[in-house]
Amino acid sequence: MSAGVAAPRIDETLRRTMVLHYLTVLGLLYAGVVAAGIAFDDPPTDLRGEAAAAAVFFIGIGVAARAPLHGGRYVAALVCLAAGPVIGLLFHDQLVAQMWSVVPLMFVAMLIRTWHSVHVSRAACTAMTVSALSALLYAPAPIPPFWLIIYATCIFSAAEVAGMINAALLDAAYRDPLTGVWNRAGLHRHTSPLLARARRRSEALAVLMIDVDDFKSVNDRHGHHAGDDVLTGLATRLLQLAPKRSVIARMGGDEFVVITAGCAEHQIAVLANGVVDGHPAQVTCGYVIGSPSAPLEELIDAADADLYRRKRGKRRVDPHPRTATSDQTATPHTSTARFPGTSH
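Residues numbered from 1 in each chain as written. Predicted model: local features only at pLDDT ≥ 70, side-chain atom pairs only at ≥ 80, totals over all residues. Heavy atoms only, no water.

Description of the overall build of the chain
Point 1. Scanning the chain from N- to C-terminus turns up twelve helices and five strands.
Point 2. Every one of the 344 residues in the chain was classed for burial, and the buried ones make up 47%.
Point 3. Restricting to contacts in the chain with at least 6 residues of sequence separation, those with at least 24 account for 75%.
Point 4. Accessible surface, the chain: about 16100 Å² in total, of which carbon and sulfur atoms supply 64%. (Helix = DSSP H or I, 4+ residues; strand = E, 2+ residues; numbered from the N terminus. Buried < 20%, exposed > 50% of the residue type's maximum accessible area, 1.4 Å probe, protein only. Contact = heavy atoms within 4.5 Å. Areas by Shrake-Rupley, 256 points an atom, 1.4 Å probe, with all protein chains shown as cover.)

Here we look at a nonpolar patch on the surface
Point 1. Taken together, the side chains of Val161, Ile165 and Leu169 make up a nonpolar region of the molecular surface, amounting to roughly 300 Å² of accessible area.
Point 2. Locating leucine 169 in the fold gives a position in helix α7 (residues 146–173). (Patch = residues over 30% accessible without salt bridge, like charges linked within 9 Å, V, L, I, M, F, W, Y side chains within 5 Å. Salt bridge = Lys/Arg side-chain N within 4 Å of Asp/Glu carboxyl O.)

What about the environment of valine 86?
Point 1. Tracing the chain through its elements places valine 86 in helix α3 (residues 71–89).
Point 2. Taking the relative accessible area as the measure of exposure, valine 86 reaches 13% and is therefore buried.
Point 3. Distance in space between the C-alpha atoms of valine 86 and serine 134 is 9.0 Å, their sequence separation being 48 residues.
Point 4. The contacts of valine 86, once residues within four sequence positions are left out, are Leu105, Ser131, Ala132 and Ala135.

Some words on α7
Point 1. With 28 residues, α7 ought to run about 40 Å at 1.5 Å a step, and its terminal C-alpha atoms sit 40 Å apart, in line with that.
Point 2. Remark: the principal bend of α7, roughly 35°, maps to glycine 163.
Point 3. Buried residues of α7: Trp147, Tyr151, Ile155, Ala158, Ala159, Gly163, Ala167 and Leu170, and no others.
Point 4. Contact partners of the buried residues in α7: α3, α4 (95–100), α5 (102–115), α6 (118–138) and α8 (184–201). (Expected span 1.5 Å × (residues − 1). Bend = angle between axes of the 7 residues up to and from the residue.)

Overview of the pattern of salt bridges
Point 1. Taken as a whole and judged by the stated rule, the model has five salt bridges.
Point 2. Where arginine 122 meets glutamate 160, a salt bridge forms, and the shortest distance between an N and an O atom there is 3.1 Å. Taken together, the residues arginine 122 in helix α6 and glutamate 160 in helix α7 connect sequence positions 38 residues apart.
Point 3. Residue classification places arginine 122 among the partly exposed residues on the basis of a relative accessible area of 41%.
Point 4. Arginine 175 serves as the salt-bridge partner of aspartate 171, at 2.8 Å between the closest nitrogen and oxygen.
Point 5. Taking relative accessible area as the criterion, aspartate 171 reaches 29% and is therefore assigned partly exposed.
Point 6. For arginine 175, a relative accessible area of 30% translates into the label partly exposed.

Brief notes about the side chain of arginine 113
Point 1. By secondary structure assignment, the location of arginine 113 is in helix α5.
Point 2. Apart from the residues within four sequence positions on either side, arginine 113 is in contact with Val118, Ser121, Ala159, Gly163, Met164 and Ala167.

Some words on the nonpolar core
Point 1. If you look at the biggest cluster of nonpolar residues, it comprises 62 residues, and the most contacted ones within it are Met128, Val207 and Ile259.
Point 2. Excluding residues that lie within four positions of it along the chain, valine 207 makes contacts with Val257, Val258, Ile259, Gly286, Tyr287, Val288, Leu296, Leu299, Ile300 and Ala303. (Core = buried A, V, L, I, M, F, W, Y, C linked by side-chain atoms within 4.5 Å.)

And the structure:
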């Protein structure tokens, strides 16, 4: 059973750690440049850009210091991370200073691409590139026109190559290696935008728990390859039948979960029945429909409890289910069916 499904947001913790590390390293680096310039430069160098950039980085550290880091504070920390190098560019009067300033922007681009979609990262890289090129043109240091192309290429290449590799590794870490659907950590990460959208639109949230009946006997009688075929076949069917933007995950063993929003109750019943139809094993499906403001863990536990209750009762989903009353948090239903044969 899936009780205790709640888990720390590992992705948010790691992302916050990376942001803090970037801000700290850059803040110390720029502060070190200022200290070295004051101590050793003769004649004195204009250090206003580095001093302002260091201040911005330390402000970002203050913003990101409190966990969890998300929402407006996360955006503010990213803005500080990207704005620091651009501010430094504004005051440089030496070409070498302008060239090395692209490196922090490349790391910021990699960070954004690691944690965000292609569209978000490209929009962010475009904003950073436009800001950096504007700063280069405004700064007192004369630059060859070709450097504008170099800056843009470096920022976008960092995101599209190194950042994409990081994103691919992160995606693999959040997937179940056998079925290709999300694992538990991936479930928590990818339900966040689904829940936020459902709350904005006041859409009901449906949680379906699916389990293969007597799965151990399939492995015992036909071998683990047959069991793997059952699981991959079930995952494929869920991917085919689940509504767009649903989140599908393997909770462990032979148990899967589908989380979706904005569907009418009869659509969820049809989905539940469709999951078991045509699959070469006996499958049971229980589900609940509840408010998007309800804790997700409670809905998952309710659907899981309903699943095991109906596994004992063995009744099929009513194709015309009753409508939940206004005081019901969630309405449970299940689906179970026997299919001819067993996957070999």
